[in-house]
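Residue-level listing of the chains:
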Amino acid sequence: MSHLFQEINDFETVQLINEKGEVLQNDLLPALSDKELQLLMERMIYIRTIDQRCITLSRQGRLGFYAPVSGQEATMIGTQYVLEKEDWILPGYRDLPQMLYQGVPLYQLFLWSMGHHKGGRMPEGVNVMPPQIIIGAQIIQAAGVGLGLKKRKKDNVVITYTGDGGTSQGDFYEGINFAGVFNTPTIFVVQNNQYAISTPFEKQTAAKSIAHKSVAAGIKGVRVDGMDILATYVVAKEARERAISSDGPTLIEAVNYRYGPHSTSGDDPTIYRNEQLEKEWAKKDPIIRFRLFLEKKGLWAKERELQIIEQAKEDVKFAIKQAESESKTNVSNLIENMYAEDLPYNLKEQLHQVKEKENR
Ligand SMILES: Cc1ncc(C[n+]2csc(CCOP(=O)(O)OP(=O)(O)O)c2C)c(N)n1
């Protein structure tokens, strides 16, 4: 064998705190105040509680489609925390926590889950697109939004999220390639939660890692422990700084694990994951790890945790009532919400017919 064909080096996984909450890389620790560290923990606790409530509400038929997030909180919250209000988020269906913290009210996320037409209408001034269900489609859109921000000379970035499965779509390669060519201020976060529904990572790609996919697009890539909130924060912060300094897009592979099923629509993970695997990932839990870290610093108390859990439960109660009090979506709402401006003549006709029926 000749030496004509070169190997590409491994991407080291960035990790700042280990499973025992011990600091591994002091020099990389972010300059976050004690209050901010506590806030990150509060958000993870809050989201885990909301997650549990949403699964129950979905099973009761009060919510519609819901994609659980437990296990992925450190990636979601750490990467969103670096954003400014004017930055954009292009989420996938699992990314409700980032949408919430960017300013979308909880009851509206519930409306989205219920398939209500108002669920996709983001509040004025909240730079979040409706969650994408088409796998990978948001990647191309994020490249485009990035180009728009660049052309308008905004000091802002766009962040988008997909899963390991999403990186097998043509859209993914087209999007990161476009972003590379036009040097757009885009951050691509791939949440490698090990499974695309039941398809394991080994069957998803022959690439050594998702971060390797950045190489062909000529953009920066980084692999991070997605269950370590300080690591996801540090990596996303640097990606944002690169983006606004015109240093270009970044592909972040956040390695994490989804503890629950793929969604509440009939997935049973016990069919494709075994108990040993579950135990291994349970040890890496982002909340346990960060709690240990904060406790060592005297920054966490059980009472605070219970308060947050209660608050989350109350907020869910209130938000679900608010969502349920909206009048039901009917077909004419769907047609009316399809276009920003004038409807084409055929839809106008249909709308007229539908309205006649609805008013009967
Ligand atoms: C274009 C397209 N193909 C197939 C599907 C069906 N589908 C829904 S979720 C999913 C798996 C996605 O896995 P991944 O990208 O790893 O994200 P995760 O759900 O694990 O967060 C598939 C194939 C879809 N929604 N869109």
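Reading the values: the criteria
- Residues numbered from 1 in each chain as written.
- Predicted model: local features only at pLDDT ≥ 70, side-chain atom pairs only at ≥ 80, totals over all residues.
- Heavy atoms only, no water.
- Pairing = 2+ DSSP bridges.
- Helix = DSSP H or I, 4+ residues; strand = E, 2+ residues; numbered from the N terminus.
- Right-handed = clockwise from strand over helix to strand, strands pointing away.
- Near = heavy atom within 4 Å.
- Polar contact = N/O pair within 3.5 Å; in protein donor to acceptor, adjacent residues only side chain to side chain.
- Areas by Shrake-Rupley, 256 points an atom, 1.4 Å probe, with all protein chains shown as cover.
- Nonpolar A, V, L, I, M, F, W, Y, C, P; charged D, E, K, R; others polar.
- Salt bridge = Lys/Arg side-chain N within 4 Å of Asp/Glu carboxyl O.
- Buried < 20%, exposed > 50% of the residue type's maximum accessible area, 1.4 Å probe, protein only.

A. Region of the structure containing the pairing of strand β7 (residues 220-225). Pairing of strand β1 (residues 13-14) with β7 involves two bridges; the strand directions are parallel. Directly across from Val14, in β7, lies its bridge partner Val224. As paired strands, β7 and strand β8 (residues 250-255) are joined by six bridges and run parallel to one another. Bridge assignment links Val224 to a residue of β8, and that residue is Ala254. In terms of handedness, the path from β7 via helix α9 (residues 229-244) over to β8 forms a crossover that is right-handed.

B. Seen up close, the site of the ligand. For the ligand, the set of nearby residues contains 15 residues, the closest of which are Tyr93, Arg94, Gly165, Gly166 and Tyr195. A distance of 3.1 Å separates an oxygen atom of the ligand from a polar atom in the side chain of Asn193. Across the complex, the protein chains shield 69% of the 590 Å² of accessible surface that the ligand would expose by itself. The class makeup of the residues in the shell around the ligand is seven nonpolar, six polar and two charged.

C. Inspection of the pattern of salt bridges at higher detail. All chains considered together, the criterion is met by 17 salt bridges. Across the pair Glu73 and Arg48 runs a salt bridge whose closest N-O atoms are separated by 2.6 Å. Of this pair, Glu73 sits in helix α2 (residues 73-80) while Arg48 sits in helix α1 (residues 34-59); the two residues are 25 residues apart in sequence, bridging distant segments of the chain. Residue classification places Glu73 among the buried positions, given a relative accessible area of 0%. For Arg48, a relative accessible area of 14% gives the class buried. What you see here is one network of salt bridges that share partners, running through Glu7, Asp10 and Lys208.

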